Amino acid sequence: MRKKGLVILIALFAATALLAVWNIHMNKAVPEDSIALIYNGSTSYIKVTDVKKEDQSVHLVNGKGEEVIVEGKGIALSELLEGYTYSSVKVVASDEFYATVSKEECDHAYLIVNSNNDLQLAVFGDKNSKRAVKKPVRIELE
Amino acid sequence: MKKRFSLRVLLFLTLSADFGVLLKKVISPVANLITDSLHIPGGIGTPFSISVVAAASVIAGIFGSAMFMSLIQAVTAFFIGSVGAVGALAVISYMVPGLLIDIIILLSGKIGLSDSVKIYLSSILGSVAAALTANILVFGLRGVPLLLYISVSATTGALCAFLMELVYGKIKKAVKL
């Protein structure tokens, strides 16, 4: 079985390598320092460095029930998406992890450059930091 | 004679289950580096703990061993704060592969497959089941990222089964269940 196992392993590894190349190629479609904005089926790009950001301090609750404060320059989603019609916003990270924020929550949901110099989503009062999407690459308006 | 859950078997399964969780915890930092670069949310750490469940269940040879170990792993992971993105739903994400592993071992035993094949099948399919469960519960991946996530899980499951096969015979001899 050891030889057969090795053959299975090599075959799976080859398939994974192909898919990895395909997936990385797909991710390169978004220009550096930008977030893709998908609205009504069309895609535009928001250059993060061009967005006007202000000092923000967002309070979250971690898994242990302790308060965590995310501070940094950021912008509220409602401000970033001004002029668009939507009922909810899906913020997606490069690893496809995502969080959904309703239109009502967008006033206190921020995209913040955190202390690690990474962009992240922070929704005020969120419990267990579940929607703290780090390094978002795509915003889908629904 | 039909095997049953003696204290010796339960101790072996519990220790193996916790070893699996520990293995996952140890491998996590390296696994995260790889999965981050592949732009997927996971798929490498979990197969390590699942392959231990698969191998120990084959050694025990009792239906329900994998589910018992999965429950132990879920409880241990919960208490050491190693539940990852699934949070309190970890019980489901551990139990689904456990149930599948039990069924695979039962069915493959009925058609006379060798222990090595049982370990490979249950480790690969258990890892894929864990990935799919996490995807349904949390990640919601679609398309190529989902295929890659499943493929990475299956490959790691196969790699772990390969490693387990190297030590399986020695462990089986040593524990004499």
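This is a predicted model, so every value here is computed, not measured.

Here is what the cut-offs are and how they apply
Residues numbered from 1 in each chain as written. Chains lettered and ligands numbered in written order. Predicted model: local features only at pLDDT ≥ 70, side-chain atom pairs only at ≥ 80, totals over all residues. Heavy atoms only, no water. Contact = heavy atoms within 4.5 Å. Buried area = accessible area lost by both parts, 1.4 Å probe. Polar contact = N/O pair within 3.5 Å; in protein donor to acceptor, adjacent residues only side chain to side chain. Helix = DSSP H or I, 4+ residues; strand = E, 2+ residues; numbered from the N terminus. Domains from an automatic or database assignment. Phe/Tyr/Trp six-rings, centres within 6.5 Å; stacked < 30°, edge-to-face > 60°. Buried < 20%, exposed > 50% of the residue type's maximum accessible area, 1.4 Å probe, protein only. Lys NZ or Arg CZ within 6 Å of the ring centre and 35° of its normal. Pairing = 2+ DSSP bridges. Axes fitted to C-alpha atoms, helices over the stretch in contact; angles between N-to-C directions.

J.: Mind laying out the interface of chain A and chain B, listing which residues take part and the relevant values?
T.: Counting residues at the interface gives 24 residues for chain A, matched by 27 residues for chain B. Buried surface at the junction of chain A and chain B, summed over both partners, amounts to about 2,300 Å²; 72% is from carbon and sulfur atoms. Inspection of the chain A/chain B interface yields four residue pairs in polar contact (both at pLDDT 80 or more). Element by element, the count of residues in the side of chain A that touches chain B is highest for helix H1 (residues 2-27) of chain A, at 16 residues.

J.: An account of the domain arrangement of chain A is needed here, citing residue identities and associated values.
T.: By domain assignment, chain A separates into domain 1 (1-30) and domain 2 (31-141). Between the C-alpha centres of domain 1 of chain A and domain 2 of chain A the distance comes to 32 Å.

J.: So, the packing of aromatic side chains: which residues are in play, and what are the values?
T.: Tallying each qualifying case throughout the model produces three aromatic pairs over all chains. Residues Phe78 of chain B and Phe79 of chain B carry aromatic rings whose centres are separated by 6.2 Å and whose planes lie at 90° to one another, so their mutual orientation is edge-to-face. Judged by centre distance (5.8 Å) and plane angle (85°), the ring pair of Phe139 of chain B and Tyr149 of chain B falls under edge-to-face. With Phe139 of chain B in helix H5 (residues 115-139) and Tyr149 of chain B in helix H6 (residues 143-175), the pair connects residues that are 10 residues apart, well separated along the chain. According to the relative accessible area criterion, Tyr149 of chain B is buried, its value standing at 4%. Taking the ring centre of Tyr98 of chain A as reference, the NZ or CZ of Lys90 of chain A above it sits at 4.3 Å. It is Lys103 of chain A that lies over the ring of Tyr86 of chain A; its NZ or CZ is 4.4 Å from the centre.

J.: So, the sheet that holds strand S4 (residues 67-76) of chain A: which residues are in play, and what are the values?
T.: Residue and element names in this part refer to chain A. Across the sheet, four strands lie side by side as S3-S4-S7-S8; this open sheet has antiparallel pairing. Two strands close off the open sheet at either side, each with one partner strand: strand S3 (54-61) and strand S8 (119-123). The sheet shows a mean angle of 50° between the axes of neighbouring strands, direction not considered. Summarising the sheet, strand S7 (residues 109-113) and S8 pair through five bridges and their orientation is antiparallel. If you follow Val113 over to S8, its bridge partner there is Leu119.

J.: Residue-level account of the pairing of strand S1 (residues 34-39) of chain A, with values.
T.: Residue and element names in this part refer to chain A. Relative to strand S2 (residues 42-47), S1 runs antiparallel, the two being bridged by six bridges. If you follow Ile35 over to S2, its bridge partner there is Ile46. Adjacent in sequence and paired antiparallel, S1 and S2 are bridged by two residues, among which Asn40 carries a positive phi angle near 50°. Here S1 runs beside strand S9 (residues 136-141); their pairing, made up of three bridges, is parallel. Residue pairing for S9: Ile38 is matched across the bridge by Glu140.

J.: Explain the side chain of Ser153 of chain B to me, and be specific about the residues and the numbers.
T.: All names here are of chain B. Relative to the elements of secondary structure, Ser153 occurs in helix H6. Given the relative accessible area of 2%, Ser153 is considered buried. Filtering out sequence-adjacent residues up to four positions away, Ser153 remains in contact with Gly43, Pro47, Ser127 and Ala131.

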